[in-house]
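Okay, here's what each chain looks like letter by letter:
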Amino acid sequence: MTYLGASAPLTVLDQRARDIFRRIVESYLQTGEPVGSRTLSLTGVSLSPASIRNTMQDLTLAGLLASPHTSAGRIPTHAGLRLFVDGLLEVGDVGAEERREIDARLVSRGRGFDEVLNEASALLSGLAGGAGIVASPVRDAGVKHVEFVALGHDQALAVLVGDDGTVENRLMPLKAGVTPSTLQEASNFLNARLKGRPLHEARTEMRTELDAARRELDAAAARLVEDGLAAWSGGPDRERALIVRGRANLLQDREAVEDLERVRVLFDDLEQKEQLIGLLDGVSAAQGVRIFIGSETRLFSLSGSAVIAAPYMTGRQRVIGALGVIGPARLNYARVIPLVDYTARVLGRILDGQET
């Protein structure tokens, strides 16, 4: 697993400060409660309460800790969490039981492209306890084959197979009177013009060609071609799908109950499709697990949330998309980082056609 983080300036902390800081952050991530000197003294710190309080004050002045109330307890700031994640966090591996669950739910014969992405988002949400997000791939592979398959008198399945092995299925309504020969005519028209070409590049040109070919095509076949192009490409606003599952998990955190305004802002942020996709595209470019805490992303600066994300890629290391988990800054980083990484690797293998 590759984790990409900033270089943490731990050298600014002596061993005493580093030990106390680590204990405070670990306790906070586990309980969500401010940590006081008395609590620390019970964890085996060989210092007097006065010495502990002095060190906590130094860490507060350094911007690594903050006091949320008038109590003497401290919690890590976002800068403190970043320092901890980059320099002190010990990341393990995904447990055997969780691996089996991820494999069983994602590796499934006959499952469609969209269904796998939806399952990955729901899976991350359930295992990590936040909201799972998945950005669909940028489809730059050429078209290998297209076909319209009748499912009844009023419905057809529009199937697009890419050179990269991905299969995209879309249900389409059929007008009355569409025959099997009409479906074949539309399929032949698209195969002759799309094969080997990326759909997004050919879309505009294809519509121009369709206008010119209407005299040769049966009217019903021309309509099928037009509907198929619209279904596969989804139009300008739907070319990239963003799947978000598990918003309700964000209400389970104790801090969320106390700060409903922050949750409202977070829910608003989750509706910003283009910005979220842009964030995940940046993760794709890095080719490693990325972590964003609070104001490190413009999108989540007001809600103070954290994002753990990773790209999913083909066996040839070509990045095709990204996924992740969004939650409170108090995420269980040690557990969620390997979960996100492993899920991304399994998803990449499936979409690359390596899982059969």
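Before any of the text, the structure's been laid out above.
Residues numbered from 1 in each chain as written. Predicted model: local features only at pLDDT ≥ 70, side-chain atom pairs only at ≥ 80, totals over all residues. Heavy atoms only, no water.

*Asks:* Any chance you could explain the packing of helix α5 (residues 96-106) against helix α13 (residues 333-351) here in plain terms?
*Replies:* Packed helices, taken two at a time, are described by the angle their axes make and the gap between the axes. Taken N-terminus to C-terminus, the directions of α5 and α13 make an angle of 35 degrees; their axes are 10 Å apart at the nearest point. The two elements α5 and α13 meet at a crossing, and its hand is right-handed. Touching E98, R99, I102, D103 and L106 of α5 are R335, L339, Y342, T343, V346, L347 and I350, all from α13. (Axes fitted to C-alpha atoms, helices over the stretch in contact; angles between N-to-C directions. Helix = DSSP H or I, 4+ residues; strand = E, 2+ residues; numbered from the N terminus. Left-handed = near helix turned anticlockwise from the far one by under 90°. Contact = heavy atoms within 4.5 Å.)

*Asks:* What is the right way to read the side chain of T182 from this model?
*Replies:* Mapped onto the elements, T182 comes out in helix α7 (residues 180-194). Its relative accessible area of 6% is what places T182 among the buried residues. In contact with T182, not counting residues within four places along its chain, are D218, A220, A221 and L224. (Buried < 20%, exposed > 50% of the residue type's maximum accessible area, 1.4 Å probe, protein only.)

*Asks:* Just to check I follow, could you spell out the nonpolar core for this structure?
*Replies:* General note: in soluble globular proteins, nonpolar side chains tend to be found buried as a group. Among the nonpolar cores identified, the biggest contains 59 residues, and F21, I308, Y312 and Y333 are the most heavily contacted of them. Non-local contacts of I308, meaning those with residues more than four positions away in its chain, are made with V289, R290, I291, L323, G324, V325, L331, Y333, V336, I337 and V340. In this structure, V146, A158, L183 and A213 belong to the second largest nonpolar core, which totals 26 residues. (Core = buried A, V, L, I, M, F, W, Y, C linked by side-chain atoms within 4.5 Å.)

*Asks:* Looking at this structure, how should I read helix α6 (residues 113-128)?
*Replies:* The α-helix winds at 3.6 residues per turn, so residues separated by three or four positions along the chain end up facing the same way. Its 16 residues place the ends of α6 23 Å apart at the C-alpha level, agreeing with the 22 Å of an ideal helix rising 1.5 Å per residue. Within α6 the residues assigned to the buried category are F113, V116, L117, E119, A120, S121, L123, L124, S125, L127 and A128. Directly after α6, the chain includes G129, whose backbone phi takes a positive value near 80 degrees. (Expected span 1.5 Å × (residues − 1).)

*Asks:* Which parts of the structure should I look at to understand the sheet that holds strand β6 (residues 155-162)?
*Replies:* Where strands meet in a sheet, backbone hydrogen bonds hold them as pairs that are either parallel or antiparallel. If you walk across this open sheet you meet the three strands as β5-β6-β7, and the pairing is antiparallel. Of all the strands in the sheet, the pair left with one neighbour each is β5 (143-150) and β7 (167-173). Each neighbouring strand pair of the sheet contributes to a mean axis angle of 15 degrees, computed without reference to strand direction. As paired strands, β6 and β7 are joined by seven bridges and run antiparallel to one another. (Pairing = 2+ DSSP bridges.)

*Asks:* Where do I start with the side chain of T55 in this structure?
*Replies:* Within the secondary structure, T55 sits in helix α3 (residues 49-61). With near-sequence residues (within four places) excluded, T55 lies in contact with R16, A17 and I20.

*Asks:* Explain a nonpolar patch on the surface to me, please; I cannot follow it from the model alone.
*Replies:* A cluster of nonpolar side chains, namely V149, L151 and L171, defines an oily patch on the protein surface of about 260 Å² accessible area. What makes L171 exposed here is its relative accessible area of 55%. (Patch = residues over 30% accessible without salt bridge, like charges linked within 9 Å, V, L, I, M, F, W, Y side chains within 5 Å. Areas by Shrake-Rupley, 256 points an atom, 1.4 Å probe, with all protein chains shown as cover. Salt bridge = Lys/Arg side-chain N within 4 Å of Asp/Glu carboxyl O.)

*Asks:* Even after reading the chapter, I still don't get the packing of α5 against α6, so can you show me in this structure?
*Replies:* Interaxial distance between α5 and α6 falls to 10 Å at its minimum, and their mutual angle equals 155 degrees. One way to sum up the angle between α5 and α6 is to call them roughly antiparallel. Once α5 is placed against α6, the crossing between them reads as right-handed. Contact residues: α5 offers E101, I102, R105 and L106, while α6 offers V116, E119, A120, A122, L123 and L127. Looking at the contact of α5 with α6 residue by residue, the class counts come to seven nonpolar, no polar and three charged. (Parallel < 35°, antiparallel > 145°, perpendicular 65-115°, else oblique. Nonpolar A, V, L, I, M, F, W, Y, C, P; charged D, E, K, R; others polar.)

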